[in-house]
Structures are given as C-alpha cells and as structure tokens.
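Given next are the chains, with one letter for each unit.
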Amino acid sequence: MTMDTEMIKYVKNDKFAEFIGLELVSAEPGHAVVRMAVGPYHLNGVGFVQGGAIFTLADYAFAAASNAKGTVTLGINANISYFRTPKGKVLTAEAKEVSSTNRLCSYNVDIYDEDNSLIARLTATGYMKKP
C-alpha cells in the first residue's frame, strides 16, 4: 500500500502541530514518526514536559499514520500512559497500526526521549470516514 500524498497534505496543514513545533519525519500507511524539539513553552510549572504536549505529539503521529492510508480518519478514543520523565531536548513518537477493519482502526504510539527510553504510550481508535 502506498502513502496517500493528498491526505498527508492535510496532516501537514495542522496549524496547532505547526504552532507547537511538531516535525513529521515520515509517514506511510499504518506507520508514522514525528519529532518535537522541547522548548520552554512545552514545560509545566515544575519544569517537566507538560503531559498535554506529549499527548499532542502522539496524537499527531496517530493522525499521520492513519490518514496516510488515504481515508479521512478521525480519533474517537485515545488513552495515554506516562511511564517516566523524559530526558534531553527531543521527543520522538512512533505510531504503528495494531488492527484495521472496514471503519475502525487501532494504533499504539510510543513516545521516546533522547536516550531512547519509552516515556509514554498512547493507544488510539480511529473512525475511517468512507466517501
């Protein structure tokens, strides 16, 4: 299966992702990698990367991987578990498809820090809109 370049244009047009500095490294059907350079505006009150920033990074990777298949896919459920405080200044999210049916898809998105330590995992379910 090849990547749908039209759908990736929509993903790259995400203004919030652009605003917080997300970089789409790669996207193909069922798989995507997104990177975020951590800045001071990503930190919470105690100086750690804010959970919402990590969630947004993972959600964007899910969007890229699921929409690269060529069908508008919208998240209908997402759950994140945080395992540890990230080290370094760059976080990377890798989205992988777990399953896909006619209308629903499931993904795991693992978020790593610069030490390649797993800091969080998002599990997401998407609804694939049919034309």
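Preceding this section is the structure that the text describes.
Residues numbered from 1 in each chain as written. Predicted model: local features only at pLDDT ≥ 70, side-chain atom pairs only at ≥ 80, totals over all residues. Heavy atoms only, no water.

### Considering the pattern of salt bridges
For step 1, the next point in the chain: As enumerated under the stated definition, the model contains four salt bridges in all.
For step 2, the next point in the chain: D110 serves as the salt-bridge partner of R121, at 2.5 Å between the closest nitrogen and oxygen. Here R121, found in strand β6 (residues 118-128), pairs with D110, found in strand β5 (residues 104-112); they are 11 residues apart in sequence, far enough to count as distant. (Salt bridge = Lys/Arg side-chain N within 4 Å of Asp/Glu carboxyl O. Helix = DSSP H or I, 4+ residues; strand = E, 2+ residues; numbered from the N terminus.)

### Some thoughts on helix α3 (residues 51-67)
For the α-helix, the turn length of 3.6 residues means that residues three or four positions removed from each other point alike.
For step 1, the next point in the chain: For α3, spanning 17 residues, the distance from its first C-alpha to its last is 24 Å, which sits close to the expected 24 Å at 1.5 Å a residue.
For step 2, the next point in the chain: Counting buried positions along α3 yields 12 of 17 residues, so the element is predominantly enclosed.
For step 3, the next point in the chain: Listed as buried for α3 are A53, I54, T56, L57, A58, Y60, A61, F62, A64, A65, S66 and N67.
For step 4, the next point in the chain: If you check the start of α3, you find a side-chain oxygen 2.4 Å away from the backbone N of G52, and it comes from Q50. (Expected span 1.5 Å × (residues − 1). Buried < 20%, exposed > 50% of the residue type's maximum accessible area, 1.4 Å probe, protein only. Polar contact = N/O pair within 3.5 Å; in protein donor to acceptor, adjacent residues only side chain to side chain.)

### Focus: the environment of K129
For step 1, the next point in the chain: Inspection of the secondary structure assignment puts K129 in the segment after β6.
For step 2, the next point in the chain: Sequence spacing of K129 and V11 is 118 residues, and the spatial spacing of their C-alpha atoms is 16 Å.
For step 3, the next point in the chain: Leaving out residues up to four positions away in the same chain, K129 has contacts with T71, V72, L74 and R103. (Contact = heavy atoms within 4.5 Å.)

### Here we look at the nonpolar core
For step 1, the next point in the chain: Core analysis: the biggest nonpolar cluster contains 35 residues, and L91 and I111 have the highest contact counts within it.
For step 2, the next point in the chain: Among the elements that take part in this core, α3 stands out by supplying nine residues, more than any other.
For step 3, the next point in the chain: Residues in contact with L91, not counting those within four places in the same chain, are V34, R35, M36, V38, V49, I54, L57, P86, I111, Y112, D113 and I119. (Core = buried A, V, L, I, M, F, W, Y, C linked by side-chain atoms within 4.5 Å.)

### Re a nonpolar patch on the surface
For step 1, the next point in the chain: Among the surface-exposed residues, I76, L104 and Y127 lie close enough to one another that they form a single nonpolar patch of about 270 Å² accessible area.
For step 2, the next point in the chain: Residue class for I76 comes out exposed when judged on its relative accessible area of 53%. (Patch = residues over 30% accessible without salt bridge, like charges linked within 9 Å, V, L, I, M, F, W, Y side chains within 5 Å. Areas by Shrake-Rupley, 256 points an atom, 1.4 Å probe, with all protein chains shown as cover.)

### A look at the environment of V33
For step 1, the next point in the chain: Residue placement: V33 occurs in strand β2 (residues 31-37).
For step 2, the next point in the chain: Under the relative-accessibility criterion, V33 is labelled buried at 14%.
For step 3, the next point in the chain: Residues V33 and E94 lie 61 residues apart in sequence; the distance between their C-alpha atoms is 4.6 Å.

### A look at unusual backbone geometry
For step 1, the next point in the chain: Phi is positive for N116, which is not a glycine, with a value near 65°.
For step 2, the next point in the chain: By the element assignment, N116 lies in the loop between β5 and β6.
For step 3, the next point in the chain: Overall, N116 belongs to the exposed group, its relative accessible area being 59%.

### A few points about the layout of surface pockets
Over the atoms, a rolled probe matching the size of one water molecule traces out where space is still vacant.
For step 1, the next point in the chain: Put simply, the largest pocket is a space of about 230 Å³.
For step 2, the next point in the chain: Among the secondary structure elements, those contributing two or more residues to the lining of the largest pocket are α1 (5-12), α2 (15-20), α3 and β3 (73-82).
For step 3, the next point in the chain: A per-element tally of the lining of the largest pocket places α3 first, with six residues.
For step 4, the next point in the chain: Partitioned by chemical class, the residues of the lining of the largest pocket number 10 nonpolar, four polar and two charged. (1 Å grid on protein atoms, 1.4 Å probe; cavity = no way out; pocket = protein on both sides within 12 Å on 5 of 7 lines; lining within 4 Å. Points joined across faces, edges and corners; volume = space filled by probe spheres on them. Nonpolar A, V, L, I, M, F, W, Y, C, P; charged D, E, K, R; others polar.)

### Let's talk about the pairing of β2
For step 1, the next point in the chain: Pairing of strand β1 (residues 22-28) with β2 involves six bridges; the strand directions are antiparallel. By the bridge assignment, L22 is partnered in β2 with M36.
For step 2, the next point in the chain: Remark: two residues form the turn of the hairpin made by β1 and β2, two consecutive strands paired antiparallel; G30 in that turn has positive phi of roughly 85°.
For step 3, the next point in the chain: Across seven bridges, the pairing between β2 and strand β4 (residues 90-100) is antiparallel. What sits directly across from V34, in β4, is A93. (Pairing = 2+ DSSP bridges.)

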